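What follows is each chain in one-letter form.
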Amino acid sequence: MAYTEPDPRADLSGRDVARKLLIVARAAGERLEERDIEVENLVPAPLRDLTLEAFLGRLGELDVLLERRRRAAAASGKVLRYVARLGPGERASVRLEALAPDHPCAQLSGADNLFAFTTRRYHMQPLVVRGPGAGPEITAQALLADVLEIVA
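What counts, and at which threshold
- Residues numbered from 1 in each chain as written.
- Predicted model: local features only at pLDDT ≥ 70, side-chain atom pairs only at ≥ 80, totals over all residues.
- Heavy atoms only, no water.
- Helix = DSSP H or I, 4+ residues; strand = E, 2+ residues; numbered from the N terminus.
- Expected span 1.5 Å × (residues − 1).
- Contact = heavy atoms within 4.5 Å.
- Polar contact = N/O pair within 3.5 Å; in protein donor to acceptor, adjacent residues only side chain to side chain.
- Phe/Tyr/Trp six-rings, centres within 6.5 Å; stacked < 30°, edge-to-face > 60°.
- Buried < 20%, exposed > 50% of the residue type's maximum accessible area, 1.4 Å probe, protein only.

Peer 1: Just to check I follow, could you spell out helix 2 (residues 15–27) for this structure?
Peer 2: Counting along an α-helix, one turn takes 3.6 residues, and residues three or four places apart therefore face a common direction. Under the 1.5 Å per step criterion, the end-to-end length of helix 2 is 18 Å for 13 residues, consistent within 8% with the ideal 18 Å. On its buried face, helix 2 is in contact with strand 1 (38–39), strand 2 (79–85) and strand 3 (93–99). Of the residues trailing helix 2, glycine 29 is marked for its positive phi of about 90 degrees.

Peer 1: When you look at the environment of glutamate 34 in this model, what are you seeing that I'm missing?
Peer 2: Of note, glutamate 34 is situated in the loop between helix 2 and strand 1. Along the primary structure glutamate 34 and glutamate 149 are separated by 115 residues, whereas in three dimensions their C-alpha atoms are 23 Å apart. Apart from the residues lying within four places of it in its own chain, the contact partners of glutamate 34 are Arg15, Arg19 and Leu22. For glutamate 34, the side chain forms a polar contact with the side chain of arginine 15, separated by 3.0 Å.

Peer 1: Looking at this structure, I do not really get the side chain of arginine 9. What am I missing?
Peer 2: Along the polypeptide, arginine 9 turns up in helix 1 (residues 9–12). Within the structure, arginine 9 has its side chain in polar contact with the backbone oxygen of leucine 50 (distance 2.7 Å).

Peer 1: What am I meant to see in the packing of aromatic side chains here?
Peer 2: Where two aromatic rings form a pair, the distance of their centres and the angle of their planes describe that pair. Scanning the entire structure with this criterion turns up 1 aromatic pair. With a centroid separation of 6.3 Å and an interplanar angle of 15 degrees, the aromatic rings of phenylalanine 115 and phenylalanine 117 are classed as stacked. On the accessibility criterion, phenylalanine 115 (36% relative accessible area) is partly exposed.

Peer 1: Please clarify how the environment of leucine 80 should be interpreted in this entry.
Peer 2: Secondary-structure assignment places leucine 80 in strand 2. With 52 residues separating them in the primary sequence, leucine 80 and proline 132 have C-alpha atoms 19 Å apart. Once you skip the residues sitting within four places of it in the chain, leucine 80 turns out to touch Leu66, Arg69, Arg70, Ala73, Leu96, Glu97 and Ala98.

This is the structure we're talking about:
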């Protein structure tokens, strides 16, 4: 498994995904704060406050827990994906979900990100936007876009 951060807990805590959800929600006009998002932290409590070296030494413990969930999902023909959700009448959330193979997120691999918009127009089939979510070129482009928006 590869992570985008030097300390895998930055990815596995769900906070990064929650911040991305917050950005999208605010751009859509939602009044949302990070504390309003229910986040499933995939790092067990006993491993959260360890030094990086100690955490990496015990990473196998996390592997065992996640493998158990992966096998349970696979037994019912599903795959696991870390999913952020924001919908009317629902609490915003980030959690590991078992998804059917035909779910748009089930097709993701590597550092791909996907947004599926279910709206009045796209209620039968969501509008899906998919692309790379990490890497030096992607990050540089996003930072440049932010700078241009600020100075415009």
